[in-house]
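Next come the chains, spelled out residue by residue.
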Amino acid sequence: MPEELYEIETEVPGNTVEEFLRMERMPHIWCPGCGIGTSVNCFAHALETSGLDLQKVSVVSGIGCTGRVAGYVNLDSFHTTHGRAIPFATGLKLANPNLKVVVYSGDGDLTAIGGNHFIHACRRNLDMTVILINNFTYGMTGGQVAPTTPLTATATTTPYGNFEQSFNLPYLAESCGAVYVARWTTYHVRHLTKAIKEALAKKGFSFIEVLSPCPTLYSRRNKIGDGLDQMIYYQESSEIKHGADTKTVGLDFQGKIVVGKFVDIERPTYLDAMNDYYSKRLGDKFVHYNG
Amino acid sequence: MKADPKGVLTGAHFIDGDHACSEGALAAGCRFVAGYPITPSTEVVERIAERFPHIGGIFIQMEDEIASSIAIQGAVWGGKKAMTVTSGPGFSLMMEHIGYAAMTETPCVFVDVQRAGPSTGLPTQPAQGDMMQARWGSHGDYSIIALSPNSPQECFDLTIKAFNLSEQFRVPVMFMMDECVGHMIERVMIPPADEIEILPRRFYEGAKENYMLYHANGEMVPPMVKAGDGYNIHVTGLTHDERGYPSMTVATQEKLIPRLIDKIKLNEEKIADYREDQIEDAEIVVVTYGITSRTAIPAIEQARKEGLKVGHLRLIVVWPFPEKYIRSLASKVKAIVVPELNQGQVVLEVERCAAGKVPVKLVPHVGGTVHNPKDIYNAIISSNNQKAE
Ligand code: SF4
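Residues numbered from 1 in each chain as written. Chains lettered and ligands numbered in written order. Predicted model: local features only at pLDDT ≥ 70, side-chain atom pairs only at ≥ 80, totals over all residues.

Re the overall build of chain B
Counting secondary structure elements, chain B contains 13 helices and 16 strands. Here the C-alpha radius of gyration of chain B, 21 Å, is about what a compact globule of 389 residues would show, namely 21 Å. By its C-alpha atoms, chain B is 70 × 50 × 40 Å across when sized along the principal axes. For chain B, the proportion of contacts with a sequence separation of at least 24, taken over those separated by at least 6, is 78%. (Helix = DSSP H or I, 4+ residues; strand = E, 2+ residues; numbered from the N terminus. Rg over C-alpha atoms; globule rule 2.2 N^0.38 Å. Contact = placed C-beta atoms within 7 Å.)

Shown next, in the form of structure tokens:
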């Protein structure tokens with residue numbers, strides 16, 4: 001077990017997440033062994049200790065298994081169209097900069113159909129937190145290949161295995177301008193909780209990739225066991241390397257997983273840049289924008 | 001409520017329809033615009049990008065029209081009045097989000113400065129080929145409102161009306177300009193702010209407990225709240241119950257969809273806006289909208305001069321289609337002529353409402369320029385020869 005696990009002082013309390021959930025909507029739709037619920041648990045704990053005014057927190061999701069997160073969190077929550085959580089969140093945040101906007105969605109949603117929006121939001125350094133649940137597949141539609149599916153892994157639309165190069169998401173986010181980039185797995189609940197808390201406190205575009213088991217489709221089709229087997233894989237194959245060069249953290253099928261906080265830098269957000277620039281350029285004629 | 005003077009450029013201006021539309025949006029209280037460059041609509045956002053920093057609004061040029069058409073909806077739930085602006089190819093990309101706005105009852109304005117299509121078509125030249133797309137372009141059953149201006153002055157006046165209608169009915173409103181009206185320069189009178197009537201968003205003000213986002217309380221249009229108000233709202237494009245929660249049942253669908261359609265359909269006469277000219281004694285009526293209303297005038301005048309009883313009905317609100325009015329018109333007149341810069345779109349609605357009572361003659365045009373009034377005149381003459389007895 002990685003050393004650092006013991007260094008995290010955040011104690012996960014008992015089941016106190018209920019107040020963060022729309023309990024009247026339980027049971028949720030996620031399969032047994034699915035990692036999405038684990039990540040939501042971490043998110044709730046991060047919120048609990050974040051000191052944020054929960055009235056001002058909005059969650060925006062796209063479509064897919066992870067897209068359903070917006071429907072279960074007891075916050076202002078928006079379940080948008082496929083791939084478009086980030087542009088919706090862009091409008092929401094710019095309309096009311098006092099909101100803390102969290103985009104919570106899947107790998108297919110955010111980096112295939114929504115990939116264009118993802119790179120531009122990084123570039124603009126929009127002040128939002130993006131939690132991307134990467135299960136290497138399209139769960140909701142039955143296990144098709146995704147831009148994150150590792151080489152050789154099987155999906156319904158790559159029945160003989162995937163031959164396309166997959167995305168290295170931390171590298172993508174960093175090179176496009178994200179100011180906070182981390183990766184954890186659903187095995188690393190304490191680290192993940194801490195990372196979400198940090199991301200929520202970070203000004204600018206913060207991005208967390210969460211590797212998460214999809215026992216129903218990805219694991220079953222690839223004969224890599226159930227949810228527990230994936231957790232064991234995460235435990236045995238993860239290496240914590242804070243500050244790792246994101247170029248080196250690409251993922252192979254059931255290979256080594258580099259986790260950690262890779263990027264944590266400062267850069268003016270979209271709104272700060274706009275307000276600063278226009279103040280200089282237009283002087284008194286500029287009406288400072290604050291929603 | 002009166003317009004916020006900050007956004008109102010009171011006075012006489014000599015500007016094109018695109019710029020007049022921008023000014024209309026500012027006067028209407030729009031403070032968030034997202035768009036992507038596309039001819040012949042770009043001037044609308046260019047002017048807004050120039051004006052917003054001076055009045056406290058925010059324009060963002062998004063990465064595409066898909067992003068623009070959903071960013072505005074995020075902004076609406078964040079509390080702003082918002083619009084996006086495009087032309088045919090971009091309008092096609094926005095269709096999914098017109099459905100999302102209809103389903104989630106998000107008031108917003110989509111401006112389409114129409115150009116000739118299909119596909120890339122004639123990017124710098126006019127057409128009215130997106131009229132059916134405006135009504136039906138997103139999948140599933142829903143309703144919208146669409147307006148059609150015929151002058152820069154109307155681009156100003158009716159943009160305000162578009163915002164007001166979107167708030168009143170919580171629907172996306174399509175503002176169907178065309179290249180000709182968009183690039184036509186005319187005098188535009190912008191009145192003082194206190195003469196401009198603005199409909200503010202109707203916010204729910206009751207208790208937070210048991211609040212339900214889509215509970216219309218016996219009315220057709222539920223009041224809104226915005227993100228950050230503490231209501232813990234859930235907004236989804238899935239079929240949802242009154243709480244806004246997904247509920248994938250026929251019963252929920254049966255409750256939701258008819259209301260989304262009926263709130264417009266049952267208010268058709270309230271929403272209707274048209275101009276009648278010499279309709280009282282008319283035997284033949286030319287039904288027009290947008291730029292076509294102007295090319296029809298010389299044709300109608302010529303026919304009148306020759307003693308034909310021709311009237312002119314100009315639709316300002318095209319959707320919802322004024323069914324009742326056209327039905328009663330069809331039982332009074334002997335023929336209807338419909339010139340359109342397309343191969344026959346709104347004429348299908350006229351024919352449906354005329355229901356065979358009178359002949360309806362289309363004057364089609366492929367777009368790229370406007371009708372020659374002579375073609376409309378010829379259609380009037382031939383309709384006069386075949387008119388119903
Ligand atoms: S299909 Fe996969 S990702 Fe979706 S809920 Fe089931 S286990 Fe989770």
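Re the site of the ligand
All names here are of chain A. In the vicinity of the ligand, the contacting residues are Trp30, Cys31, Cys34, Ile36, Cys65, Asn135, Gly139, Cys214, Pro215, Thr216 and Leu217. When residues of the shell around the ligand are assigned to their parent elements, the largest contribution, three residues, is made by helix α8 (residues 215-221). Residues that form the shell around the ligand fall into these classes: eight nonpolar, three polar and no charged. (Near = placed C-beta within 6 Å. Nonpolar A, V, L, I, M, F, W, Y, C, P; charged D, E, K, R; others polar.)

Re the interface of chain B and chain A
Counting residues at the interface gives 38 residues for chain B, matched by 35 residues for chain A. Contributions of two or more residues to the side of chain B that touches chain A are made by β2 (30-35), α2 (42-55), β3 (58-61), α3 (65-77), α4 (88-104) and β10 (234-236) of chain B. Counting residues per element, the side of chain B that touches chain A draws most heavily on α3(B), at nine residues. Its residues placed into classes, the side of chain B that touches chain A shows 21 nonpolar, 13 polar and four charged. Pairing analysis gives three bridges linking strand β2 (residues 76-79) of chain A to β10(B), with the strands arranged parallel. By the bridge assignment for β10(B), Ser77(A) is matched with His234(B). (Pairing = 2+ DSSP bridges.)

Focus: α4(B)
All names here are of chain B. Between its terminal C-alpha atoms α4 stretches 24 Å, which fits the 24 Å expected from 17 residues at 1.5 Å a residue. Burial within α4 is extensive, with 12 of its 17 residues counted as buried. Count one or two residues on from α4 and you reach Glu105, which has phi positive near 55°. (Expected span 1.5 Å × (residues − 1). Buried ≥ 20, exposed ≤ 12 C-beta atoms within 10 Å, placed from the backbone.)

Some remarks on the sheet that holds strand β1 (residues 57-61) of chain A
Spatially, nine strands are ordered β7(A)-β8(A)-β5(A)-β6(A)-β4(A)-β3(A)-β1(A)-β2(A)-β10(B) in an open sheet, and the strand pairing comes out mixed. The strands lining the two open edges of the sheet, one partner per strand, are β7 (238-240) of chain A together with β10 of chain B. For this sheet, the mean angle separating the axes of adjacent strands, direction not counted, is 20°. Across five bridges, strand β3 (residues 100-106) of chain A lies against strand β4 (residues 128-134) of chain A in parallel orientation. (Axes fitted to C-alpha atoms, helices over the stretch in contact; angles between N-to-C directions.)

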